[in-house]
Amino acid sequence: HYAFDLVMIATMFLCAALAKRIGPLFGKRSLYAVSGVALTVSTLCMFASIWIPRSADALAVPAVLLGGFGIALVILLWSELYGCLNPFRVALYYSASMIVAALLIYLCRGLLLPWLGAVVLVLPVVSLAACAAGFRSLPSGELPRAKPSKFSFPWKIVLLMAIYAFAYGLKESSMYQSTLGPHSAFGTLAVAAIVFVGVIARGGKFDFGVIYRIALPLMVAAFLILPNVGVLGQAASDFCTSASYTAFSILIMLIMANICYRYGVSALWLFGIERSVRQVSMWLGRLVADGAQSFDVLGGNGELFISLLTVVAIVTATTILFSERDLSSRWGANFLAGGTDSAAMIRKQELADRCAEVARAYKLSTREEEVLLLLAQRKTVGIIERELFIANGTAKAHVRHIYQKLDIHTRQELFDLLGVEAREGGKGAGATADEGL
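Residues numbered from 1 in each chain as written. Predicted model: local features only at pLDDT ≥ 70, side-chain atom pairs only at ≥ 80, totals over all residues. Heavy atoms only, no water.

1. Here's the deal with the overall build of the protein chain
Phase 1 of the analysis: Per the secondary structure count, the protein chain includes 19 helices and zero strands.
Phase 2 of the analysis: By the burial criterion, 49% of the 437 residues in the protein chain qualify as buried.
Phase 3 of the analysis: Residue pairs in contact within the protein chain that sit at least 24 positions apart in sequence constitute 79% of those at least 6 positions apart.
Phase 4 of the analysis: Entry remark: accessible area of the protein chain is about 20800 Å², with carbon and sulfur atoms responsible for 65%. (Helix = DSSP H or I, 4+ residues; strand = E, 2+ residues; numbered from the N terminus. Buried < 20%, exposed > 50% of the residue type's maximum accessible area, 1.4 Å probe, protein only. Contact = heavy atoms within 4.5 Å. Areas by Shrake-Rupley, 256 points an atom, 1.4 Å probe, with all protein chains shown as cover.)

2. Looking at the packing of helix H3 (residues 29-51) against helix H6 (residues 113-136)
Phase 1 of the analysis: Taken N-terminus to C-terminus, the directions of H3 and H6 make an angle of 170°; their axes are 10 Å apart at the nearest point. By the angle class used here, H3 and H6 are roughly antiparallel. Residues Tyr 32, Ser 35, Gly 36, Leu 39, Thr 40, Thr 43, Leu 44, Phe 47, Ile 50 and Trp 51 of H3 touch H6, and the partners they reach there are Leu 113, Leu 116, Gly 117, Val 120, Leu 121, Pro 124, Leu 128, Ala 132 and Phe 135.
Phase 2 of the analysis: In terms of residue class, the contact of H3 with H6 is made up of 14 nonpolar, five polar and no charged. (Axes fitted to C-alpha atoms, helices over the stretch in contact; angles between N-to-C directions. Parallel < 35°, antiparallel > 145°, perpendicular 65-115°, else oblique. Nonpolar A, V, L, I, M, F, W, Y, C, P; charged D, E, K, R; others polar.)

3. Thoughts on the confidence of the model for the protein chain
Interpretation of the predicted coordinates at a detailed level should be avoided for regions scoring low in pLDDT.
Phase 1 of the analysis: Here the protein chain averages 82 in pLDDT, and 82% of its residues register 70 or above.
Phase 2 of the analysis: Below pLDDT 50 for its whole length, residues 339-343 participates in nine contacts with residues either more than four positions away or in separate chains.
Phase 3 of the analysis: Note on residues 422-433: pLDDT is under 50 here. Beyond four places in sequence and across chains, it has nine contacts. (pLDDT = per-residue confidence, 0-100.)

4. What to know about the environment of Ile 200
Phase 1 of the analysis: Summarising the element assignment, Ile 200 is placed in helix H8 (residues 186-202).
Phase 2 of the analysis: Each C-alpha atom of the pair Ile 200 and Leu 92 lies 7.6 Å from the other, and the pair is 108 residues apart in sequence.

5. Here's the deal with helix H5 (residues 87-108)
Phase 1 of the analysis: For H5, spanning 22 residues, the distance from its first C-alpha to its last is 31 Å, which sits close to the expected 32 Å at 1.5 Å a residue.
Phase 2 of the analysis: By the burial criterion, the buried members of H5 are Pro 87, Phe 88, Val 90, Ala 91, Leu 92, Tyr 94, Ser 95, Ala 96, Met 98, Ile 99, Ala 102 and Cys 108.
Phase 3 of the analysis: Where H5 begins, one side-chain oxygen reaches toward the backbone nitrogen of Phe 88, 3.0 Å away; that side chain belongs to Asn 86. (Expected span 1.5 Å × (residues − 1). Polar contact = N/O pair within 3.5 Å; in protein donor to acceptor, adjacent residues only side chain to side chain.)

6. With respect to a nonpolar patch on the surface
Phase 1 of the analysis: Taken together, the side chains of Met 46, Ile 50, Trp 51 and Ile 52 present a nonpolar region at the surface, about 400 Å² in accessible area.
Phase 2 of the analysis: Residue position: Trp 51 is located in helix H3. (Patch = residues over 30% accessible without salt bridge, like charges linked within 9 Å, V, L, I, M, F, W, Y side chains within 5 Å. Salt bridge = Lys/Arg side-chain N within 4 Å of Asp/Glu carboxyl O.)

7. Details of helix H17 (residues 394-406)
Phase 1 of the analysis: In a regular helix each residue adds 1.5 Å, so 13 residues correspond to 18 Å; H17 covers 18 Å between its end C-alpha atoms and thus fits that length.
Phase 2 of the analysis: Listing the buried residues of H17 in full gives Ala 395, His 398, Val 399, Ile 402, Tyr 403 and Leu 406. In a view along the axis of H17, the buried residues occupy a sector of 135°, so they form one face of it. (Arc of directions from axis to C-beta.)

8. Re the nonpolar core
Phase 1 of the analysis: Tyr 164, Phe 208, Ile 211, Phe 248 and Ile 250 are the most contacted members of the largest nonpolar core, which has 87 residues in total.
Phase 2 of the analysis: The element contributing the most residues to this core is helix H10 (residues 233-263), with 16 residues.
Phase 3 of the analysis: Judged by nonpolar contacts, the second largest core, of 26 residues, contains Leu 375, Ala 376, Ile 390 and Tyr 403. (Core = buried A, V, L, I, M, F, W, Y, C linked by side-chain atoms within 4.5 Å.)

9. Here's the deal with the pattern of salt bridges
Phase 1 of the analysis: Enumeration over the complete set of coordinates arrives at six salt bridges.
Phase 2 of the analysis: Note that Arg 286 and Asp 5 form a salt bridge whose closest N and O atoms lie 2.4 Å from each other. One end of the pair, Arg 286, is in helix H11 (residues 267-295); the other, Asp 5, is in helix H1 (residues 2-17), with 281 residues separating them in the sequence. Taken as a pair, Arg 286 and Asp 5 share a single burial class, namely buried.
Phase 3 of the analysis: Between Arg 354 and Glu 357 there is a salt bridge, with its nearest N and O atoms 3.4 Å apart. Here Arg 354 and its partner Glu 357 are both found in helix H14 (residues 342-361), three residues apart, which amounts to about one turn of the helix.
Phase 4 of the analysis: According to the relative accessible area criterion, Arg 354 is partly exposed, its value standing at 29%.
Phase 5 of the analysis: Given the relative accessible area of 38%, Glu 357 is considered partly exposed.

10. Quick look at the packing of aromatic side chains
Phase 1 of the analysis: Under the defined criterion, the tally for this structure stands at ten aromatic pairs.
Phase 2 of the analysis: Ring centres of Tyr 106 and Phe 186 lie 6.5 Å apart, and the angle between their planes is 55°; on these two criteria the pair is classed as tilted. Placement of the pair is Tyr 106 in helix H5 and Phe 186 in helix H8, with a sequence separation of 80 residues.
Phase 3 of the analysis: Pairwise contacts between aromatic rings join Trp 78, Tyr 82 and Tyr 94 into one cluster.
Phase 4 of the analysis: We note Arg 378 situated over the ring of Phe 415; from NZ or CZ to the ring centre the distance is 4.9 Å. (Phe/Tyr/Trp six-rings, centres within 6.5 Å; stacked < 30°, edge-to-face > 60°. Lys NZ or Arg CZ within 6 Å of the ring centre and 35° of its normal.)

11. Focus on unusual backbone geometry
Phase 1 of the analysis: Located in the positive-phi region is Lys 363, a residue other than glycine, with phi close to 55°.
Phase 2 of the analysis: Note on Lys 363: relative accessible area 68%, which makes it exposed.
Phase 3 of the analysis: Here Asp 407, not a glycine, exhibits a phi torsion of approximately 60°, which is positive.
Phase 4 of the analysis: Following the sequence through the fold, Asp 407 ends up in the loop between H17 and helix H18 (411-418).

12. Some details on the packing of H1 against helix H4 (residues 56-82)
Phase 1 of the analysis: At their nearest, the axes of H1 and H4 sit 8 Å apart, and the two run at 45° to each other. Regarding the angle of H1 to H4, the classification is oblique. Where H1 crosses over H4, the handedness of that crossing is right-handed. Residues Ala 3, Phe 4, Val 7, Met 8, Thr 11, Met 12 and Cys 15 of H1 form the contact with H4, whose own contacting residues are Val 64, Leu 65, Gly 67, Gly 68, Phe 69, Ile 71, Ala 72, Leu 73, Ile 75 and Leu 76.
Phase 2 of the analysis: Each residue belonging to the contact of H1 with H4 can be placed in one class, and the counts come to 14 nonpolar, three polar and no charged. (Left-handed = near helix turned anticlockwise from the far one by under 90°.)

The following block contains the structure:
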């Protein structure tokens, strides 16, 4: 297990480090074949070791190396595809994939070994074929760019995901001992179903904020409250752990995919680093849990001490690192607020994409691009200062620099450049910001 994870981490980190050189993966057909062959051979080695126990030691090495390498490529290919979709489609497909995966695991647990081997051998091919079909269905303008735009890496949200992954790693061993295992746990299925049904039923009005508002209390309950409530404490704790981790996984997928979709960032680079950090954190969580159990750290109070330490880390990290201002202004995750219809969300996304194009063409800084988007949304200078938490007068300076670089003088000229229709009574709206200069 540890060796498999290390191979997967090394592969994803290497792909992220070489992202500029190797470019998007989706167009490299050989990678689909390499990934599929690696996973197929890895699966054959695994089942052969069951049928021929004497060969287990010899087959373990190729099974682990090929499996970790192949699954890393599959994760990165799918990440590139999600990075081409708007947030509602990402939420719908990603939650649906979790539901289907859990149901497949339930099905496989009832199969005899030969049938199980046949099904598992087919799954990598099906997954890769579906991924390739997804890319073929997209217009050429929406495919990953060969020369992605620059973007400051969102370390704060990635570090918070790492804390949740570490907590999940602490509990993962106990979940493997349960009947269903961590990847098909009822907590995972429950959260995925809530998101899937919510997006289907509510469409653009689904409140994605529910996802991150339930993650923290569930994780606190899993480590601090439920382990001490009796016979069902462990099962309930595992449920909350898997549910909380799943909720945060969906959240970070939405944010990361939206950064790729909105700003044209390389999914290979962004997801390669994020997934590597996540897996390392989960791996460390398992090591700590195994070490505490093996060496009987702090006697009978070892588990309680680790639980308290984990809760403090999660609460502190969430308080310090998680900011709705960062979600909206820095990472463009405006969709998390909910309450808008799909058409309005798509219009916002198109406006953001247009601002990103103009920012690249005229070499605007990251902050100037943020100000440009708010100007395009008809926000006044005062509102821009409050939304970006910048000092009085700073927004005016940014607006002046933007106007100089774009060689324009009024908000209406800005609207014309961006292709934005003036609001009814638009003269007043345009004058407001210009008079603020």
